[in-house]
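# Structural description and commentary
Listed here are the chains, written in short residue letters.
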Amino acid sequence: MSHPDIPRVDAREKVRGATQYTADHALPGLAHGMLAVATIGRGRILSLDTDAARRVPGVRMVLTHLDTVGLQSAGFLLGGGYGFQSLQPLLGAAIAYRGQPIALVVADTLEAAREAAALVRATYEQDAISVTLDAPGAEILAQADSPLPKPAFADRVAGDADGALSAAATRVDATFQGPPQHQNPMELLATVAEWSRGELTIRESTQNAEALRHGLAKVFGLAPDRIRVLSPTAGGGFGQRNSLQAHTALVALAARELGRPVKLVVPRAQIFNNASFRPASRHTVRLGADASGRMVAAVHEIDHQTSRHDLFPLSYADLTARLYGIANFRGRERLVRNDIQTPGFARAPFEHIAACAFETAVDELAYALGRDPVAFRVANDAATDPLTGRPFSSRHVVACLERGAERFGWERRTQAPGSMRLADGTLVGWGVALGAYKAATAPAIAMLRVTDAGEIFVSVGGHEMGQGIRTAIASTVAVDLGVPAEAVNILVGNTGSVPQHLTAGSWGAATALPAVHKAALNMLRELERLAGNGPANRTFQQILRDAGRSHVDVEARHHAPGQPDAIFDRVAQGLPAAAGPAYPDFVSMSFCAQFVEVRIEPRTRRIRVPRVVSVVDCGRVVSPRTARSQVLGGVVWGIGAALREVSEVDPRYGGFVNADLAEYVIPVNADIGTIEAEFIDEPDPLINSMGVKGLGEVVMVGVAPAIVNAIHHATGRRLRHLPVRVEDVL
Amino acid sequence: MQSFTYIRPSTPAEAIAAMAGGGPGTRFLAGGTTLYDLMKLGVEGPLRVIDITRLDALARFDTSGPHELVFGALARMSDVAADRRLKEDYPALSEAMWKAASQQLRNMARVGGNLLQRTRCAYFRGGAPFACNKREPGSGCAARDGMDRGNALLGASDACAAVYPGDWAVALVAFDAVVDTLSPRGERSIPLAELHREPGSTPEVETTLAPDELIVRIRVPRSGAGRGSTYHKIRDRESYAFALTSAAVAVRLSAGVVAEARVALGGVATRPWRSPEAENVLLGQPLTEDVAQSAGQAAFAAASPGVHNAFKVELGAQTITDALMIARQRAEQP
Ligand SMILES: Cc1cc2nc3c(=O)[nH]c(=O)nc-3n(C[C@H](O)[C@H](O)[C@H](O)COP(=O)(O)OP(=O)(O)OC[C@H]3O[C@@H](n4cnc5c(N)ncnc54)[C@H](O)[C@@H]3O)c2cc1C
Ligand code: SF4
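Keep in mind it's a predicted model, so treat the numbers as computed, not measured. (Residues numbered from 1 in each chain as written. Chains lettered and ligands numbered in written order. Predicted model: local features only at pLDDT ≥ 70, side-chain atom pairs only at ≥ 80, totals over all residues. Heavy atoms only, no water.)

As a further point, take the overall build of chain A. The number of helices and strands found in chain A is 18 helices and 24 strands. Taken over C-alpha atoms, the radius of gyration comes to 26 Å for chain A, in line with the 27 Å a tight globule of 730 residues would show. Overall, the C-alpha framework of chain A stretches about 80 × 75 × 50 Å when taken along its three principal axes. When contacts within chain A are restricted to residue pairs at least 6 apart in sequence, those whose partners lie at least 24 apart make up 81%. Surface exposure of chain A reaches about 24600 Å², of which carbon and sulfur atoms provide 51%. (Helix = DSSP H or I, 4+ residues; strand = E, 2+ residues; numbered from the N terminus. Rg over C-alpha atoms; globule rule 2.2 N^0.38 Å. Contact = heavy atoms within 4.5 Å. Areas by Shrake-Rupley, 256 points an atom, 1.4 Å probe, with all protein chains shown as cover.)

Okay, here's the thing in structure tokens:
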């Protein structure tokens, strides 16, 4: 069954500016917070002078590490806890990175809070810092030897890659640098905290309301049921909102101490230096092909940054091992400890840059073999998963490549670099790359209610971050129950109902929709039972009235294939519980093929991207409109990541220097040409009842390498770092 | 950011009087897109702010005069950019506006304030812990051994190599614009070329204006090279970004050779940078691509690049070449 192309259910509010984001909440008696942050890269606070800050008229409180007795850290999301990092600022005098908060000022007005925060003075004892992969003092730790759980974070090995590589007829060896980048959701990180009779309400746009709730419970030693987290709509998440932020507990503490609600909207510059980001990474890729041109060996060695206080695990080779049917693969991953806040997930966190390193090397190998880059990829597709030997639940890589090539007009491409010039000397380059992303699944509970007034309410674990989960839920209920999508009232991101597991990793739809679908089928069954032998063709409303019922409630649960039911205990504790891509009987992934045209101006060498064709295998497309929108967004992210975005680091100071949206260069409309999205739209037969795999992240994967490959096609230059800027092609 | 007194006079004379009575730390406020930004960053902290946006007489501009174009200091960037006559007669002056900032900023910002925008050097804007001679005289220059991709290759000193970031002033300096001012000492006119100072040993002093001096208008003498002009800007994205390199060029051709040449550079110098070196290469020559290339190279002959900005020697020269090719086409149109 193909799903109707319904408009976004929240489009009207958004366009009218009626959608309420966190900062829009103005509660009676609201006080405003502002953080003061450390200016050193590492060390400790020797003294703090808050007198001047306290003297600013309207200032009600200056919280420092001397005021947080009894609080404890919520722990690190990937270390059994709930926070973006284990380091909770203001619990001690130690400074781990530039930008770590040293005080929270709260005042009657935002202006007073800002003025006072700037007046907080600290003296420090400073230590030497290392903030880049190669800096002296950066500690290197092999993930295989780290305390991170195995086999999840073991090396990825199939066959004998090194042996096969040395026997290979043709080899490529390339090292690729990935820069630190920030997610920069439009909505700033913000919190409104309010206490009432010992109960805490947090309004904060998040991808993980349950982690906020349980994290705050841990910080304050409170029962989780005394805490409510509301996140009806986030203005983008992209991984940065996946856990308890550094400031949230401090805002809650201030609200409790002052006995009035407190709001903090974190300025962009502070977010750069005190929230998660995409870490710098370095990739060495070695590929070998046999005499027939078949790829027989691949080695992918990766170093990436983590903080001194947490181990942010790597998962790059888990993707690259599965892009092709390469029998001998070895992935080795190492953590490099720097004096930074803990990095984290940013859209296609590992896959974007892993694919960039790998797919540029594959392109180089195709060229070394004199093969067309599309034909070479088609010829090297995988039949089964190289790492586990299991089948793929569905894999339409070849279809993505072939349909993309046709739509793009690939047959008109000439192979030689620099061979496709325009009359005015403009260089034209056409590039291709594959993308893939795990089809992960998290457990979800859905509750569905139909009332005798004809209303339909659905509540499910999931968060709306603008990706369109409400629309997909509405569409699912509408199709299943045969009602208009507008009739469906949706509650997500609210801990007052069903558990709100982390929405990330492109598992949102594959998590929420099967649960909703199951609930809808349960509802139909229940209504049929109530209808009994009564007259046919009655509305739900009539059936309920005739049965004397005000409403009917049903519930349904769904989890990943192979997960035990006990997994819902983890969900109830706010802990991550997603599975995939390797399930007991199969491996499930989404795939895409990206085709890109670049044009490089003859003299100034400006790089433009007039055209992208993206063909995606994400299983069934449940919500065509938001699906297309995901592709557009993913491609724009890819263009930004490839050609523009870098979080600049000055190794003398630590932190990030270009910490605002004027200087951190995300693309603008004028940078974007046409983007054509095409879907294979084949339901996956195994992964879930809806046949949906993930979409939101795979669409970014492959864009950057397709651009870098196109630049090679235009110029003959193999570039091995991002972003590629004008100085690289002059 | 700190509390400040806000005053909104309605005549230039009142504004001058308010400034005279204001004492040190008093600033004029036009659109606020530079001043408020720097106040929020803590880089500027005036105690008294004189909002001049109600000086309606200074909001007018006239691009139709026989001898000169006149822009009141409070004309909005967006209005100037949209002026049809300017687009036709002086495309460089119009394009320099269009390619600056964003529509939202252009709606707020005024042309007087535009001239006085301050550098984007990250260490200047970033505040503590960065050393910056411009922000805190004598503290040093973090950009020297740091991230200098955005810094100047021309007109820098040991103390500071911050780029003058604006676009319009670059186009204005190419056309020999003049700035009229008013102060308690009366009116005076300053050639735009003399408005901005090179950093020397006092990078905190950016202009030759006295602190109490109000820009009232900008005048541009009419030029035969107006129609043969363009403002070409290369940046990290195609809108809402400052120039990596830019060139305002204008040419008048006569009997197949360049009879009048105006070349100014942006993104690479500490002030709006006129290049007589490039102009001299052009004068009397047919405007071929080779000649344009030579002009571009000549403009950067004296460049002294740092660590991350050396590519701008080549990029800047190519920007000039491109601009000259566009200008030639326009100059050749009847
Ligand atoms: C994100 C961003 C991107 C930008 N991108 C660009 C760009 O690409 N190109 C570009 O050219 N510019 C760019 N700008 C700068 C923008 O053009 C300037 O901020 C704007 O033109 C300043 O005008 P204003 O009226 O807002 O000045 P204000 O901020 O009000 O004033 C600026 C300064 O001038 C003084 N002043 C103002 N008017 C007068 C007067 N009549 N007499 C004496 N002193 C006066 C003020 O005291 C203040 O010191 C950008 C700005 C931002 C914030
Ligand atoms: S270049 Fe100038 S503005 Fe930048 S840090 Fe150095 S002194 Fe400051």
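All names here are of chain A. The geometry of helix α9 (residues 351–368) relative to helix α17 (residues 703–715) is characterised by a closest axis approach of 8 Å and an angle of 35° between their N-to-C directions. Of the two possible hands of crossing, α9 and α17 adopt the one that is right-handed. Residues H352, A355, C356, E359, T360, D363 and Y367 of α9 form the contact with α17, whose participating residues are A704, P705, V708, N709, H712 and H713. The class makeup of the residues in the contact of α9 with α17 is 6 nonpolar, 5 polar and 2 charged. (Axes fitted to C-alpha atoms, helices over the stretch in contact; angles between N-to-C directions. Left-handed = near helix turned anticlockwise from the far one by under 90°. Nonpolar A, V, L, I, M, F, W, Y, C, P; charged D, E, K, R; others polar.)

Moving on, we come to the interface of chain A and chain B. Contact residues are listed per partner, giving 30 residues for chain A and 37 residues for chain B. Of the roughly 2900 Å² buried between chain A and chain B on both sides combined, carbon and sulfur atoms contribute 56%. Interface area lost by chain A to chain B is led by R603, R606 and Y653 of chain A, which between them contribute 23%. Along the contact surface separating chain A from chain B lie 6 salt bridges. Residue R125 of chain B pairs with D660 of chain A through a salt bridge whose shortest N-O separation is 3.6 Å. (Buried area = accessible area lost by both parts, 1.4 Å probe. Salt bridge = Lys/Arg side-chain N within 4 Å of Asp/Glu carboxyl O.)

All names here are of chain B. Taking strand neighbours across the sheet as the criterion, the 5 strands line up as β4-β5-β8-β6-β7 in an open arrangement whose pairing is antiparallel. Edge strands, defined here as strands with exactly one partner in the open sheet, are β4 (61–62) and β7 (186–191). Pairing of strand β6 (residues 178–183) with β7, which is carried by 6 bridges, proceeds in the antiparallel orientation. What sits directly across from D180, in β7, is S189. (Pairing = 2+ DSSP bridges.)

Take the sheet that holds strand β23 (residues 607–617) of chain A next. Residue and element names in this part refer to chain A. The strand order across the open sheet formed by 4 strands is β17-β22-β23-β24, and the pairing between neighbours is mixed. Looking along the sheet, the strands with just one partner apiece sit at the ends: β17 (427–438) and β24 (674–679). The average angle at which neighbouring strand axes cross in this sheet is 15°, direction not considered. As judged from the 12 bridges shared by β17 and strand β22 (residues 589–600), these two strands associate in the antiparallel manner. When the bridges of β22 are listed, V428 appears paired with R599. Where α17 meets the sheet, its contacts fall on β17, β22 and β23, and the angle it forms with β17 comes to roughly 155°.

Residues and elements named next belong to chain A. Along the chain, S130 turns up in the loop between β6 (121–126) and β7 (139–142). Within polar-contact distance, the side chain of S130 engages the backbone nitrogen of A138 at 3.4 Å. For S130, the contacting residues outside a window of four places in its chain are A135, P136, G137, A138, R308, R337, N338 and D339. (Polar contact = N/O pair within 3.5 Å; in protein donor to acceptor, adjacent residues only side chain to side chain.)

Residues and elements named next belong to chain B. For T207, the location among the structural elements is in the loop between β7 and β8 (214–221). In this structure the side chain of T207 is engaged in a polar contact, spanning 3.2 Å, whose partner is the backbone nitrogen of L209. In contact with T207, other than residues within four places in its own chain, are L116, L195, H196 and R197.

Okay, the site of ligand 2 next. Surveying the vicinity of ligand 2 reveals 15 residues, the closest of which are C121, C132, N133, C141 and C160 of chain B. Looking at the shell around ligand 2 residue by residue, the class counts come to 12 nonpolar, 2 polar and 1 charged. (Near = heavy atom within 4 Å.)

Glancing now at the site of ligand 1. As a matter of local geometry, ligand 1 sits amid 31 residues, with F28, G31, T33, T34 and D167 of chain B nearest to it. Surrounding ligand 1 are residues belonging to chains A and B, so the site spans chains. G31 of chain B is positioned such that a nitrogen or oxygen atom in its backbone is 2.7 Å from an oxygen atom of ligand 1. In the environment of ligand 1, an oxygen atom lies 3.1 Å from a nitrogen or oxygen atom belonging to the side chain of N114 of chain B. Contributing elements (two or more residues each) for the shell around ligand 1: β2 (26–29), α7 (111–115) and β8 of chain B. When residues in the shell around ligand 1 are grouped by element, the largest group, 3 residues, is from β2 of chain B. In terms of residue class, the shell around ligand 1 is made up of 18 nonpolar, 8 polar and 5 charged.

What follows covers the domain arrangement of chain A. Residue and element names in this part refer to chain A. Per the domain assignment, the segments making up chain A are domain 1 (14–19 + 30–127 + 186–237 + 241–274), domain 2 (139–176 + 278–439 + 584–729) and domain 3 (440–572). Using only C-alpha atoms to locate each centre, domain 1 and domain 2 end up separated by 36 Å. If you look at the interface, domain 1 gives 18 residues, while domain 2 gives 22 residues. Around 1700 Å² of area is buried between domain 1 and domain 2 when both sides are counted, 59% of it from carbon and sulfur atoms. Counting the surface domain 1 buries against domain 2, the share from its top three residues, L78, R98 and F272, is 36%. Run the count over domain 1 and domain 2 and you get 1 salt bridge. Linking D339 and R42 is a salt bridge whose minimum nitrogen-to-oxygen distance equals 3.5 Å. Summed over the shared surface of domain 1 and domain 2, the result is 8 residue pairs in polar contact (both at pLDDT 80 or more). Of the residues belonging to the side of domain 1 that touches domain 2, the class tally is 9 nonpolar, 6 polar and 3 charged. (Domains from an automatic or database assignment.)

Residues and elements named next belong to chain A. Between its first and last C-alpha atoms helix α12 (residues 469–481) spans 18 Å; for 13 residues at 1.5 Å apiece the expected length is 18 Å, and the two agree. When we look at burial in α12, the residues that qualify are I469, R470, T471, A472, I473, A474, S475, T476, V477, A478, D480 and L481. Next to the buried residues of α12 lie β18 (444–451), β19 (456–460), β20 (488–491), α13 (508–531), α14 (540–546) and α16 (624–643). Of the residues one or two after α12, G482 is the one with positive phi, at around 70°. (Expected span 1.5 Å × (residues − 1). Buried < 20%, exposed > 50% of the residue type's maximum accessible area, 1.4 Å probe, protein only.)

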